[in-house]
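Here is how the chains run, residue by residue.
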Amino acid sequence: MRRKTFARMNCSIARALELVGEWWTMLIMREAFLGTRRFRDFQRNLGIARNILSARLKKLVARGVLTREAAPGGGRRLEYRLTEKGRAFFPVLMALMQWGDQWIAGPDRAPVKVVERASGREIAQVAVRAADGRVLQPAEVAMVAGPGAGPAMRARLASRAARPVAVRARNHGAARDGG
């Protein structure tokens, strides 16, 4: 069964998944952040088939996440480098890694630690923050219609926003607790 495309959905999450949601693509992005630049190195580090790697790299280049450039020193060798759009994916990848370390591998079994180069200290947990820097929990935020929202989404979000915060928080707790 072929999956439906998300490319035309009016949802930023769905459309982002259309580009980076496939598992090989996420691992290619990880490799790019680890400094991998050459096709053969991506293939060796990931153990991915050449045709799959080629298709994923072409898509990332076509969508402006990576560039394909001549390698330093001349010759016909090419390298893949993160663009500004690709580098902007870093917090997403870090959040996914931290989530996996906590909930899948376990904090004491994290295969990689990310540290600040200057201090050598481990980076902080990625979090959703208020404008003043406070960490926010799901019950403390509301999703409201953005400029690209259609009528159905505007109505859906308006009905949710109309519920008192205490009701939303109580429902959030009940869902979290399985009730």
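Not measured: the values here are computed from a predicted model.

Draft legend 1. Representation of the packing of helix α2 (residues 23–33) against helix α4 (residues 50–62) in the model. Two numbers describe how α2 lies on α4: the axes approach to 10 Å, and their chain directions differ by 70 degrees. Between α2 and α4, the angle is such that the two are roughly perpendicular. Touching Trp-24, Thr-25, Ile-28 and Met-29 of α2 are Ile-52, Leu-53, Arg-56, Leu-57 and Leu-60, all from α4. Residue composition of the contact of α2 with α4, grouped by class: 7 nonpolar, 1 polar and 1 charged.

Draft legend 2. Broad picture of the packing of aromatic side chains. All chains considered together, the criterion is met by 2 aromatic pairs. Centroid distance Phe-33 to Phe-90: 5.3 Å. Interplanar angle 50 degrees. Geometry classified as tilted. Residue Phe-33 is found in helix α2, and its partner Phe-90 is found in helix α6 (residues 90–105); the two are separated by 57 residues along the sequence. The class for Phe-33 is partly exposed, based on a relative accessible area of 26%. Judged by relative accessible area, which is 34%, Phe-90 ranks as partly exposed. Measuring from ring centre to ring centre gives 6.3 Å for Phe-42 and Tyr-80, while their planes differ by 80 degrees; the resulting arrangement is edge-to-face. Here Phe-42 is found in helix α3 (residues 39–46), whereas its partner Tyr-80 is found in strand β2 (residues 78–82), with 38 residues between them in sequence.

Draft legend 3. Representation of the pattern of salt bridges. Counted according to the given criterion, the structure contains 7 salt bridges. Sharing partners across several salt bridges, the network here consists of Glu-69, Glu-79 and Arg-81.

Each value, and the rule that gives it
Residues numbered from 1 in each chain as written. Predicted model: local features only at pLDDT ≥ 70, side-chain atom pairs only at ≥ 80, totals over all residues. Heavy atoms only, no water. Axes fitted to C-alpha atoms, helices over the stretch in contact; angles between N-to-C directions. Helix = DSSP H or I, 4+ residues; strand = E, 2+ residues; numbered from the N terminus. Parallel < 35°, antiparallel > 145°, perpendicular 65-115°, else oblique. Contact = heavy atoms within 4.5 Å. Nonpolar A, V, L, I, M, F, W, Y, C, P; charged D, E, K, R; others polar. Phe/Tyr/Trp six-rings, centres within 6.5 Å; stacked < 30°, edge-to-face > 60°. Buried < 20%, exposed > 50% of the residue type's maximum accessible area, 1.4 Å probe, protein only. Salt bridge = Lys/Arg side-chain N within 4 Å of Asp/Glu carboxyl O.

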